[in-house]
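# Residue-level structure breakdown
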Amino acid sequence: MQRSPDIIVFSDLDGTLLDHQTYSWAKAEAVLRQLRELNAGLVLASSKTAAEIAPLRDQMGFRDWPAIVENGGGLMPAGAGDAPTETDYADIRARLRTLPPGFRGFGDMDVEEIVRHTGLPLADAALARDRRFSEPGLWTGSEEDLQAFLAQANAAGLRARKGGRFLTLSFGSTKADRVDEIIQLHQPRHTMALGDAPNDVEILQTAGIGVIVKNRSARPLPRLPGETTGHIWRTEKEGPEGWAHAVSRRLTELGLI
């Protein structure tokens, strides 16, 4: 096991470390390099699948750290290039078939439709469809019908999480559950979490410092209790540029750079 790092950064991807429109992380490259030079941890925590996250983690240079996949439904171990073999997906899909209509999940879409909804290249959309622990999708009915659907989903053992683009159903493990596991394992001196969507709130509140990254393409998060104490703060810049400013600021505050 690695020595306890000075800091582990837990980061959402879409709209946070990845630009909401282009999926680029180029504006964060200099700060990612600083984290590597410090032997700091970067744990990607996303609704994306292991198949999607593995190449991103490799490209960013953090293959030696685990990644939280499918909104906390699963954990991809450090060094693993393949998706976890265990799966809840067939069971989730079976329970969805017992619920009222209105939810259109990735399992109901072909790859071309996922491309239209996400803007991903075709090959990346195919990786996004490789689900193991959760089912993202779109609600096509009314708000009233959605509340009834969510109540019945809950009764069926499914938990709903709202992200930047999709409503995701799973058996309830969260990003925060996985953050706790990783903190207990690695015992870092400091922790930081960054995100932009409702499904990131719990990791923002779990880490030592939480940062809400500005995303004009999504509804802003409501003011969180930690913002009055300085435990949580917001960036002025969007996406990877805002991410980079926030992480650099924290590293400077801690005297690490």
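In this report, we go over the structure that sits alongside the text.

The rules behind each value
- Residues numbered from 1 in each chain as written.
- Predicted model: local features only at pLDDT ≥ 70, side-chain atom pairs only at ≥ 80, totals over all residues.
- Heavy atoms only, no water.
- Buried < 20%, exposed > 50% of the residue type's maximum accessible area, 1.4 Å probe, protein only.
- Helix = DSSP H or I, 4+ residues; strand = E, 2+ residues; numbered from the N terminus.
- Arc of directions from axis to C-beta.
- Contact = heavy atoms within 4.5 Å.
- Core = buried A, V, L, I, M, F, W, Y, C linked by side-chain atoms within 4.5 Å.
- Pairing = 2+ DSSP bridges.
- Right-handed = clockwise from strand over helix to strand, strands pointing away.
- Axes fitted to C-alpha atoms, helices over the stretch in contact; angles between N-to-C directions.

### What to know about helix α3 (residues 89-96)
- Residues Y89, I92, R93 and L96 constitute the buried set of α3. Projected down its long axis, α3 shows its buried positions confined to an angular sector of 95°, all on one face.
- Against the buried residues of α3 lie β5 (103-105), β6 (134-139), α6 (143-155) and β8 (167-170).

### Concerning the nonpolar core
- Counting residues in hydrophobic clusters, the biggest one holds 62 residues, and the most contacted among them are F10, L17, L42, M60, L194, W243 and V247.
- Residue contacts for M60: discarding those within four places in its chain leaves L13, L17, L18, W25, L32, R36, L42 and L44.
- Core analysis: the next-biggest nonpolar cluster, separate from the first, contains ten residues, L96, A153, L158 and L169 among them.

### A short note on the pairing of β6
- Sheet analysis places β5 next to β6, joined by three bridges and oriented antiparallel. Residue pairing for β6: G105 is matched across the bridge by G137.
- Relative to β8, β6 runs antiparallel, the two sharing four bridges. Pairing of E135 across the sheet is with L169, part of β8.

### Here's the deal with the pairing of strand β9 (residues 190-195)
- Buried residues dominate β9, accounting for five of its six residues.
- Of the crossover connections in this fold, the one passing from β9 over helix α8 (residues 201-206) to the parallel strand β10 (residues 209-214) is right-handed.

### Here we look at the sheet that holds strand β1 (residues 7-11)
- Spatially, β2-β1-β9-β10-β11 is the arrangement adopted by the five strands of the open sheet, whose pairing is parallel. In this open sheet, the two edge strands, each paired with only one partner strand, are β2 (41-44) and β11 (232-238). On average, adjacent strands in this sheet sit at an angle of 20° to one another, irrespective of strand direction.
- Pairing of β9 with β10, which is carried by four bridges, proceeds in the parallel orientation. Across the sheet, residue M192 finds its bridge partner in β10, namely I209.

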